[in-house]
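Observations on the three-dimensional arrangement
Next come the chains, spelled out residue by residue.
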Amino acid sequence: MATMQNDSEPVDPRIDLVGMDRDDLKGVTDALGEPAYRSRQLYQWIYQRGVTDFAEMHNLSKATRAKLDETYRIGRPAVGTAQQSVDGTRKWLLGFADGNLAETVFIPEEPRGTLCVSSQVGCTLTCSFCHTGTQRLVRNLEASEIVGQIMLARDALDAWPAAAVNRPLTNIVMMGMGEPLYNFENVKKALSIVIDDEGLAMSRRRVTLSTSGIVPEIRRCGREIGCMLAISLHAVHDELRDELVPINRKYKIAELMDACRDYSTLSNARRITFEYVMLKGVNDSLAEARELVRLMSDIPSKVNLIPFNPWPGSVYECSSNNAIDRFASLLRDAGCVATVRSPRGQDIMAACGQLKSASVRQRRSAAAE
Ligand code: SF4
């Protein structure tokens, strides 16, 4: 696994092939004067087999491999910090070529293994319960940096080839740092590689994009990406949602629900997941549970209740276990599918954005010394 580059190490000037889709790779092989089928072979080696060395591509001639190696590389993001929780959760703080950092988290839950992938460095939105929301947006991640997170996790989990049965990594959630629908083109390109049978070979039913509710882009996502959708709902009345998820001031709950209703038709998604963080005394009353049932009544959906994972400086507390149980029971009694997410990786700062903040603080204090 590549570790973070230190300033004295030379930068590899070759062009990274990771993040290139079929058309991009066709451009590469065309430019090298190779026949069209070479690009497909290259695509399979990179994304299905996970090779990082052209020398392993034994169905390519020696001369072709040498030509590729001269100009191109098959890279991975550099790992700044890799942590493993006592519960098996793994978290990587990744460093990109320009020194920016983003987080990727793997959550093993028999029989599943879910990778939580970031789409931006920081976030423009300022959801008040979210630690990443305290970090300003630095930039969008490139498609290569999004796909690179998944490829790095596959390396660490020994999860190649991509299409193998019994692989530890079964699900992808675009739920890490950032609002994926504000980085639409890069996310779309990355996910096209992720769900391609000859690419990273994940079923689109196992790829979920989580959004705070960018209504016009939700419709576009249904038409152009067609993966599963999760909505960071967290409140059932506009007044409270305006505060918790400020994008609600632009796209109100009723409009968001309309977009969700359309999404199932546009994308063939079976159902939408509503994420609902449980905040003590803020959004956890039974009246709010009843309103949630009403909102979801004509949308194929399920609810994921998330016990709040406090971070330094947050103003919220997590609802009590009793309050969460009562809320979940009311939903279930009303016929909704409701799950309660078990807190994971608490010993490794798994609340989104925490590891990056800690690292930035460390760098700043080192620079001040
Ligand atoms: S919840 Fe998502 S959209 Fe809101 S601030 Fe955090 S990362 Fe951004």
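**Comments concerning the packing of helix α5 (residues 184–194) against helix α6 (residues 215–224)**
- Packing of α5 against α6 brings their axes to within 12 Å, and their N-to-C directions diverge by 25°. Taken together, α5 and α6 sit at an angle that is classed as roughly parallel. In the crossing of α5 with α6, the sense of the turn from one axis to the other is right-handed. Listed contacts from α6 to F184, E185 and K188 of α5 are E217, R220, C221 and E224.

**Thoughts on the site of the ligand**
- Around the ligand, a shell composed of C123, L125, C127, C130, T132, G133 and G178 is seen.
- Residue composition of the shell around the ligand, grouped by class: four nonpolar, three polar and no charged.

**Observations regarding the sheet that holds strand β5 (residues 101–109)**
- One open sheet accounts for ten strands, arranged β3-β4-β5-β6-β9-β10-β11-β12-β13-β14; its pairing is mixed. Either end of the sheet is taken by a strand with one partner, and the two such strands are β3 (78–84) and β14 (337–340). Between one strand and the next, the sheet's axes are offset by a mean angle of 20°, whatever the strand orientation.
- Contacting β11 (228–232) and β12 (272–278), helix α8 (residues 253–267) crosses the sheet at an angle of about 145° to β12.

**Notes on the side chain of N304**
- Note on placement: N304 falls in strand β13 (residues 301–307).
- For N304, a relative accessible area of 13% puts it in the buried group.
- Within polar-contact distance, the side chain of N304 engages the side chain of T339 at 3.3 Å.
- Apart from residues lying up to four places away in sequence, N304 is in contact with T273, F274, E275, Y276, T339, V340 and R341.

The rules behind the values
- Residues numbered from 1 in each chain as written.
- Predicted model: local features only at pLDDT ≥ 70, side-chain atom pairs only at ≥ 80, totals over all residues.
- Heavy atoms only, no water.
- Axes fitted to C-alpha atoms, helices over the stretch in contact; angles between N-to-C directions.
- Helix = DSSP H or I, 4+ residues; strand = E, 2+ residues; numbered from the N terminus.
- Parallel < 35°, antiparallel > 145°, perpendicular 65-115°, else oblique.
- Left-handed = near helix turned anticlockwise from the far one by under 90°.
- Contact = heavy atoms within 4.5 Å.
- Near = heavy atom within 4 Å.
- Nonpolar A, V, L, I, M, F, W, Y, C, P; charged D, E, K, R; others polar.
- Pairing = 2+ DSSP bridges.
- Buried < 20%, exposed > 50% of the residue type's maximum accessible area, 1.4 Å probe, protein only.
- Polar contact = N/O pair within 3.5 Å; in protein donor to acceptor, adjacent residues only side chain to side chain.

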